[in-house]
Amino acid sequence: APLLSTPLLGKPLTEHELQQLLPLTKLELAMPELKQQVFSASKPDRRQPQRHMIARAKRIAQPLEALTSWQYIDERALLRLALHAPEAKHLNLGFDQVALPEGAQLYIFNAHNNQLIERYNHRNVSNQQLWTPQLQTNSVVIELQVAEHHKDQLTISLRQAGLGDKTFSAD
């Protein structure tokens, strides 16, 4: 059956559909320790670009389906996971081993207000990877939807979360 025969695939879940699901699996992310850095005794060369760290990498390296459970609604298979980093000012996410069948949708919501921040499909995957930009929140919900009959064609692993400890400024 063609993937487009599932009429509701490609839209975020409605409030009514969300109420039919099990409670969200939640993962709290602690801020990683800074690695010891070696600083030169000389002053930096102002003519050279300076590198600024905007996030600390928190390695997760787990398939999404190992972090949460499959749920089913209206011929759709769903994986939903909440990530919360209380000490972070912003997040970014890196996925690897990504194979999204046509029609599969990956949504990233701001967990504080349930607003859709990012939306991805198979066209966004490059070299089996998918990376979000900096998300201006410390709490997100990852929602992956795929037609139930295409679930076995899907692979995705949450490689890491970048936890930002500084806010952005014009400087």
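These lines cover the structure that appears in this document, whether it is placed above or below.

About the thresholds
- Residues numbered from 1 in each chain as written.
- Predicted model: local features only at pLDDT ≥ 70, side-chain atom pairs only at ≥ 80, totals over all residues.
- Heavy atoms only, no water.
- Helix = DSSP H or I, 4+ residues; strand = E, 2+ residues; numbered from the N terminus.
- Buried < 20%, exposed > 50% of the residue type's maximum accessible area, 1.4 Å probe, protein only.
- Areas by Shrake-Rupley, 256 points an atom, 1.4 Å probe, with all protein chains shown as cover.
- Pairing = 2+ DSSP bridges.
- Salt bridge = Lys/Arg side-chain N within 4 Å of Asp/Glu carboxyl O.

### Here's the deal with the overall build of the chain
Here comes step 1: Along its length, the chain carries two helices and ten strands.
Here comes step 2: Put simply, the chain has 171 residues, and 42% of those count as buried.
Here comes step 3: Roughly 10,600 Å² of accessible area belongs to the chain as shown, and the carbon and sulfur atoms make up 48% of that amount.

### A closer look at the sheet that holds strand β10 (residues 155–164)
Here comes step 1: In space, the four strands of this open sheet follow the order β2-β10-β5-β8, with antiparallel pairing throughout. Every other strand in the sheet has two partners, leaving β2 (56–63) and β8 (130–131) as the edge strands with one partner each.
Here comes step 2: By the bridge criterion, six bridges tie β2 to β10 in an arrangement that is antiparallel. Within β10, the residue paired with R56 across the bridge is L163.

### Notes on the pattern of salt bridges
Here comes step 1: According to the stated counting rule, one finds four salt bridges in the structure shown.
Here comes step 2: Across the pair D165 and R56 runs a salt bridge whose closest N-O atoms are separated by 2.8 Å. Placement of D165 in the segment after β10 and of R56 in strand β2 is noted, with a sequence separation of 109 residues between them.
Here comes step 3: Taking the relative accessible area as the measure of exposure, R56 reaches 18% and is therefore buried.
Here comes step 4: R76 is the partner of D74 in a salt bridge, and the nearest nitrogen-oxygen pair spans 3.7 Å.

### Re the pairing of strand β9 (residues 139–147)
Two faces make up the sheet, and in a regular strand the side chains alternate between them.
Here comes step 1: For β9, a buried count of nine out of nine residues is recorded, marking the element as mostly surrounded by other parts of the structure.
Here comes step 2: Burial along β9 is two-sided: S139, V141, E143, Q145 and A147 facing one way and V140, I142, L144 and V146 facing the other are all buried.
Here comes step 3: Note that strand β4 (residues 76–84) and β9 share nine bridges and pair antiparallel. In the sheet register, H84 faces β9, and the bridge partner there is S139.
Here comes step 4: Summarising the sheet, strand β6 (residues 105–110) and β9 pair through six bridges and their orientation is antiparallel. For F109, the partnering residue across the bridge sits in β9 and is V141.

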